[in-house]
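Commentary on secondary and tertiary structure
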Amino acid sequence: MPSRSVRGSGDPFWTQPLAALLDTLGTGPDGLPADVAAARLGTYGPNELHPPRRRALIVEYLSRFSNPLVLILLAASVVSVFTGDAPSAGIIAVIIAMSVTLDFVQERRAGRAAERLRESVAVHTSVLRSGAVAEVPADRVVPGDVVVLAAGDLVPADGRVLEARDFFVRQAALTGEPYPVEKSPGDLPPGTGLDEATNAAFMGTSVVSGTARVLICRTGRATAFGGIAAALADRTPPTAFERGTRQFGLLIMRLTFLLVLFVLLVNAVFRRPALESFLFAIALAVGLTPELLPMIVSVTLARGAIRMAERKVIVKRLASIQDLGSMDVLCTDKTGTLTEARIALERHVDAYGRDSRRVLELAYLNSAFETGIRSPLDDAILARTDVDVQGWRRIDEVPFDFERRRVSVLIERDAERILVVKGAPEDIWRLCAQVETGDPPELRPLDAGIRAQIEALFTQLSRDGLRVLAVAWKAVPPDHGHARVDDESALVFAGFVAFADPPKAGAAEAFARLARAGVAVKIVTGDNELVTQHVCARLGIPVTGVLLGTAIAEMDEAALAAQAEDASLFCRVTPAQKNRIILALRARGHVVGYLGDGINDAPPLHSADVGISVSSAVDVAREAASLIMLESDLRVLHDGVMEGRRTFANVMKYIMMGTSSNFGNMFSMAGATLVLPFLPMLPVQILLNNLLYDISELPIPADSVDPEDVARPRRWDMGFVRSFMLTIGPISSVFDFATFYVLLRVFAAHEGLFHTGWFVESLVTQTLVIFVIRTRGHPLRSRPAPWLALTSVAVIALAVALPYLPVAGRLGFVPLPPTFLLILAALAALYLAAVETVKRRFYRHIEQRTTVAPGAAA
């Protein structure tokens, strides 16, 4: 281990002599041995800006008891002990322990399953371990490691460049520099700032081109990014679903506070025992509180993530499942979604459309000597085996970037030194002053007539469905040692290389399935509109409008938002424009997904509601995405959308049940305190009622979902939840009061019989109504999950049997007359019929008012 850390050095690591830096870090050019790296991981901690806080199991379990309601209940239990009511105290303690344990076990299992899925798509980096390259998770990198970086990689931590070959990084996120910056080895003078540290690479930046070996000097919070950790620590803005559940919690809190205050005031007016009234009010608060909601949400999301993994979609952020179910617009490139991504070089032609060996050779030289990320087009060119590049050597290059849309390589053979440029046709021919014709090549001025001919040829190739790149070159002096952007002028136009990318057979079906599911797919591509429209026509995909990058450049945000609504194709767009399109669609109220796999896709992946990438994507894209598709197929994504909606529907079931029958029962209980000379139910009975009801709802995450619940995008709608509560909840109260009447008038119930009769009635009705509320349709035609049916039947059976069991006396129960059970059966049947009737009318009213599904928003 080093005697001291570079973190504590006075000068920045990029201004320290490299030899001293290596000595300080106790390492060398071959990196660290595996055992030393493991020891340092324990010393420095994981290479993360915000390492997860891992607590011991016992600490995590005990932390559940810090919930305010749990603490109040425990305090009430202690008070019961000192007042001589030990049985009630024991029962309360058991109920609390069961609830907390159930919540802990379920959430822990769900969290571990989700973590395993996230680890399966974690970013890895190449590290030298005693001179041998090993792939390790980026969070295992430690000071003293030597990492090997190439185009497309994320720089995992801050470090010094030891070796580099045309190593360009994009560090706009750190310094604001919009263009790639070249990094190279060397010592810098003291006082050099971070933005001038050309010998260092920093965490959070990405490699655009070239290769390098970098000595890691700082990790985690000690990095430059760690210096702005406060800003990075800001929470991601909550999703609509997260905002909705928070609003729901606040609504329940307000109602709970009002009902508890009401009960305490009434009991005070009637001079009832203070302790008994206090325990009753606390129990009422527990009955109203949806304490299972966090567990239901966590388990439902985790189960959804596991099912999505079975469908080849890995979830990195659990909340994104809800966003995926709400998504109504998906933006994607055409390559790999509309087409097979099996690109083949079809033609290589000169400015006059004649096959040209010269154009092929120039294109091959450019692709062979560039060091950036090779595109599928480069691979198609290099697949040709009949091109000889012997004798040529590379001098320098200007790497590809998405603003210039071209790459230039400076090469030399014998005494000939030339710059070969390949890129987007419109950006190439405007830089050309001459055109090359004939064999041997002859140069002539590129006048307006020839330019028009070149443009016409490009248009025709595009209409044939071919992707087209232009190739140009220029001679430079033998002493021209570096390639610069300024060199890309006065070029000689050589011709075009054109590529075929066959339409994907299943693309039309995938588009149709997403369209039927209410998801509009918009193509956002750098390709021209003619090629994209040709592919859409061959697949039978309707085009509702085309918007070009040149037009987008002239629009403000409001105009773009209006135009983006109707367009289905966005062509010739830059990365910055992709981001603007995503934000414009979101501004129109859409939930937007973005599918991308390239370096330029990171910003729109961040900006979208749902960032989606593929397992073969570059590191920066996979890191930015919330979901990773193991197959680049929209049919797979459709399955993920359905799973997101299924997850949302099951969470909504719990909320709708809690805001209807359960709320109605608690409201009835508060109202009964006005007319009864005793408490309508003992505190222990309320808690037991609540626990048994919670047990009946535990299988909700695994419940089946009706087709209409996943047919359209669904979003949280607090207005819908409130309306449902105010419509269905009072029905429960009406039948509760009917039960009160039967108990008091028909059976002249004393306190024990009243408590028992209402306990059984409330638990039976609110458990049975699950089967009515869980579906919009007829409950007998929508089959629940077996476990949901089983637990519900078991809870009902236990509720009916409890008054006859040996523990009945300790719980305050007495045997019920058989006649009451018959009346209870009739009341329950009438209650279910009433809820079903009102439910149907409620949904008809909702459908008349809006065309979206329950809980959704337009």
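For the coordinates displayed, the defined rule picks out 34 salt bridges. Aspartate 386 is the partner of arginine 357 in a salt bridge, and the nearest nitrogen-oxygen pair spans 3.0 Å. With arginine 357 in helix α12 (residues 357-369) and aspartate 386 in the loop between α13 (376-382) and β11 (393-401), this residue pair connects regions lying 29 residues apart in the sequence. On the accessibility criterion, arginine 357 (38% relative accessible area) is partly exposed. The partner of lysine 422 in a salt bridge is aspartate 378, with the nearest N and O atoms 3.0 Å apart. Here lysine 422, found in strand β13 (residues 416-423), pairs with aspartate 378, found in helix α13; they are 44 residues apart in sequence, far enough to count as distant. The pair lysine 422 / aspartate 378 is uniform in exposure class, with both members buried. Counted as one network, the salt bridges with shared partners bring together Arg405, Glu426, Asp427, Arg430, Glu529 and Arg572.

Pairing in this open sheet of 8 strands is mixed, and the strands run β8-β23-β22-β21-β9-β18-β20-β19 from one edge to the other. Of all the strands in the sheet, just β8 (313-315) and β19 (546-548) have a single pairing partner and so form its edges. Taking each pair of neighbouring strands and ignoring which way they run, the sheet shows an average axis angle of 20°. Across 4 bridges, the pairing between strand β9 (residues 329-332) and strand β18 (residues 520-524) is parallel. Bridge pairing in β18 places leucine 330 opposite valine 521. Together, β8 and β23 (627-629) form the strand contacts of helix α10 (residues 293-310), whose direction differs from that of β8 by roughly 150°. Where helix α17 (residues 529-539) meets the sheet, its contacts fall on β18, β19 and β20 (569-571), and the angle it forms with β20 comes to roughly 150°.

Most of strand β1 (residues 124-129) sits inside the fold, with 5 of its 6 residues counted as buried. Adjacent in sequence and paired antiparallel, β1 and strand β2 (residues 132-137) are bridged by 2 residues, among which serine 130 carries a positive phi angle near 55°.

Turning our attention to the packing of helix α19 (residues 557-566) against helix α20 (residues 575-587). Running from N to C, α19 and α20 point in directions that differ by 80°, and their axes come no closer than 8 Å. In terms of axis orientation, α19 runs roughly perpendicular to α20. Note on element contacts: α20 touches α19 through Arg580, Ile581, Ala584 and Leu585, opposite Glu557, Leu560, Ala561, Ala564 and Glu565.

Cut-offs applied
- Residues numbered from 1 in each chain as written.
- Predicted model: local features only at pLDDT ≥ 70, side-chain atom pairs only at ≥ 80, totals over all residues.
- Heavy atoms only, no water.
- Salt bridge = Lys/Arg side-chain N within 4 Å of Asp/Glu carboxyl O.
- Helix = DSSP H or I, 4+ residues; strand = E, 2+ residues; numbered from the N terminus.
- Buried < 20%, exposed > 50% of the residue type's maximum accessible area, 1.4 Å probe, protein only.
- Pairing = 2+ DSSP bridges.
- Axes fitted to C-alpha atoms, helices over the stretch in contact; angles between N-to-C directions.
- Contact = heavy atoms within 4.5 Å.
- Parallel < 35°, antiparallel > 145°, perpendicular 65-115°, else oblique.

Coordinates in, geometry out; function isn't part of it.
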